[in-house]
Amino acid sequence: MKKYKIFCLCIFFFVFILVKNGYSLYLTDFVAFGDSHTSGVYGIKGYVDDFKNLMGLEYNDIYNPGIWGENTFQGYYRFKSVLVYRKPKYVVILEGANDINRGFTINGIAIRIYYMTNIAKRLGVLPIVMTIPRMYNRNGIYASRVDLLNYYLKIYSVRYNFLLVDVSKYIGKELIDSGGVHLTDSGYRIMAQQLYFDIARFYFSKLTSTEKINQINDDVFNNQNLSDDEKIDIIRRIIIWND
């Protein structure tokens, strides 16, 4: 019994030293980082399960540490530890809705999201930021503040060179639930599809010539005769995601 306890203590300290020095026992491809749009809450599913299914990812290929009610101050302080622990290839960042609800400054929200992308780059992780869907209250203040935040994120994505997925332009009021903040199941499905499409565009841009990219855009992404599901099937046939 004594030898068993000593063995367990040795294993514990070995794992502790590994984690402390930046090693992870749980490698993954994607980290989905965010608030309740990511984690889901009270029957709201979030976008992650749809995205995982579209990408053909296994359970261990995507890690969802989303926290309901989180703002970008809270997200910023835990962001690095999540990436160090899981060592992903990509991190999808979707935060800011709770900041807007609490009256935080728009520029401050955008800066904290930018700081997260900078942390990811320093750790060798590709950051992917999503704009947030519009939120609605009786006088429309939330909607206008969301639009302003998304505008800041577009500017910052160009200035600081991170991938921005503008899902907000695809989410109309009919895809937002009665609470005015979260999306319907169809809304989250559309959010996941647009994330999938923009990652595919980025993937193609790194592997093919400009001429080939233009052809793919015409034949797939801009082809009005194809449904979203048909576009997804075509993309799957020409991409091996785990390369």
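Refer to the structure presented above.
Quick notes on the rules
Residues numbered from 1 in each chain as written. Predicted model: local features only at pLDDT ≥ 70, side-chain atom pairs only at ≥ 80, totals over all residues. Heavy atoms only, no water. Helix = DSSP H or I, 4+ residues; strand = E, 2+ residues; numbered from the N terminus. Buried < 20%, exposed > 50% of the residue type's maximum accessible area, 1.4 Å probe, protein only. Contact = heavy atoms within 4.5 Å. Areas by Shrake-Rupley, 256 points an atom, 1.4 Å probe, with all protein chains shown as cover. Polar contact = N/O pair within 3.5 Å; in protein donor to acceptor, adjacent residues only side chain to side chain. Pairing = 2+ DSSP bridges. Axes fitted to C-alpha atoms, helices over the stretch in contact; angles between N-to-C directions. Core = buried A, V, L, I, M, F, W, Y, C linked by side-chain atoms within 4.5 Å. Salt bridge = Lys/Arg side-chain N within 4 Å of Asp/Glu carboxyl O. Phe/Tyr/Trp six-rings, centres within 6.5 Å; stacked < 30°, edge-to-face > 60°. Lys NZ or Arg CZ within 6 Å of the ring centre and 35° of its normal.

Caption draft 1: Local environment of the overall build of the protein chain. Scanning the protein chain for helices and strands turns up ten helices and five strands. By residue count, 47% of the 243 residues in the protein chain fall in the buried class. Taking contacts inside the protein chain between residues at least 6 apart in sequence as the whole, the part at least 24 apart equals 73%. Accessible area of the protein chain: about 13200 Å², with a carbon and sulfur share of 54%.

Caption draft 2: A look at the side chain of Thr72. Relative to the assigned elements, Thr72 resides in helix α4 (residues 72–86). Within the structure, the side chain of Thr72 is placed 2.7 Å from the side chain of Arg112, a separation counted as a polar contact. Contacts of Thr72, omitting those with residues within four sequence positions, involve Glu95, Gly96, Asp99, Ile109, Arg112, Ile113 and Met116.

Caption draft 3: Region of interest: the sheet that holds strand β3 (residues 90–94). Strands sit in the order β2-β1-β3-β4-β5 across an open sheet of five strands; the sheet is parallel. The sheet is open, and its two edges are formed by β2 (62–63) and β5 (163–165), each paired on a single side. With four bridges joining them, β3 and strand β4 (residues 126–130) adopt parallel strand pairing. Opposite Val92, over in β4, you have Ile128 as the bridge partner. Sitting on the sheet, helix α6 (residues 106–122) is in contact with β1 (30–34), β3 and β4, with an inclination near 160° to β4.

Caption draft 4: Region of the structure containing the nonpolar core. Within the largest apolar cluster, 65 residues are counted, with the highest numbers of intra-cluster contacts made by Tyr47, Phe51, Phe79, Val91, Met130 and Leu195. Broken down by element, this core gets its largest block of residues, nine residues, from helix α8 (residues 185–207). Sequence-distant contacts of Met130, that is, excluding residues within four places in its chain, are made with Tyr47, Val92, Ile93, Leu94, Leu153, Leu164, Val165, Val167, Met191 and Leu195.

Caption draft 5: Examining the pattern of salt bridges more closely. Counted under the stated rule, the structure contains seven salt bridges. Between Lys154 and Asp166 there is a salt bridge; the shortest N-O distance is 3.2 Å. Residue Lys154 is located in helix α7 (residues 141–159), and its partner Asp166 is located in the loop between β5 and α8; the two are separated by twelve residues in the primary sequence. For Lys154, a relative accessible area of 37% corresponds to the partly exposed category. Relative accessible area serves as the criterion here: at 14%, Asp166 is assigned to the buried category.

Caption draft 6: Layout of the side chain of Asp198. Relative to the assigned elements, Asp198 resides in helix α8. There is a polar contact of 2.7 Å between the side chain of Asp198 and the side chain of Arg201. Among residues more than four places away in sequence, those in contact with Asp198 are Leu164, Val165 and Asp166.

Caption draft 7: Local environment of the pairing of β3. Counting buried positions over the five residues of β3 gives four, a clear majority of the element. In this structure, β1 lies alongside β3, joined through five bridges in parallel fashion. Residue Ala32 lies in a different strand from β3, and its bridge partner there is Val92.

Caption draft 8: Just the pairing of β1, in detail. For β1, a buried count of five out of five residues is recorded, marking the element as mostly surrounded by other parts of the structure. On β1, burial covers both faces: Phe30, Ala32 and Gly34 on one face and Val31 and Phe33 on the other are all buried. Summarising the sheet, β1 and β2 pair through two bridges and their orientation is parallel. When the bridges of β2 are listed, Phe30 appears paired with Ile62.

Caption draft 9: Quick look at unusual backbone geometry. Positive phi, normally seen in glycine, also occurs at Lys87, with a value near 50°. With respect to the helices and strands, the residue Lys87 is situated in the loop between α4 and β3.

Caption draft 10: Molecular detail of the packing of aromatic side chains. The full count for this structure, using the stated rule, is twelve aromatic pairs. With a centroid separation of 6.1 Å and an interplanar angle of 65°, the aromatic rings of Tyr196 and Phe197 are classed as edge-to-face. For Phe197, a relative accessible area of 4% gives the class buried. One aromatic cluster is present, formed by Tyr76, Tyr77, Tyr114, Tyr115, Tyr152, Tyr156 and Tyr160 through successive ring pairs. Taking NZ or CZ as reference, Arg112 lies 3.6 Å from the ring centre of Phe73, over its face.

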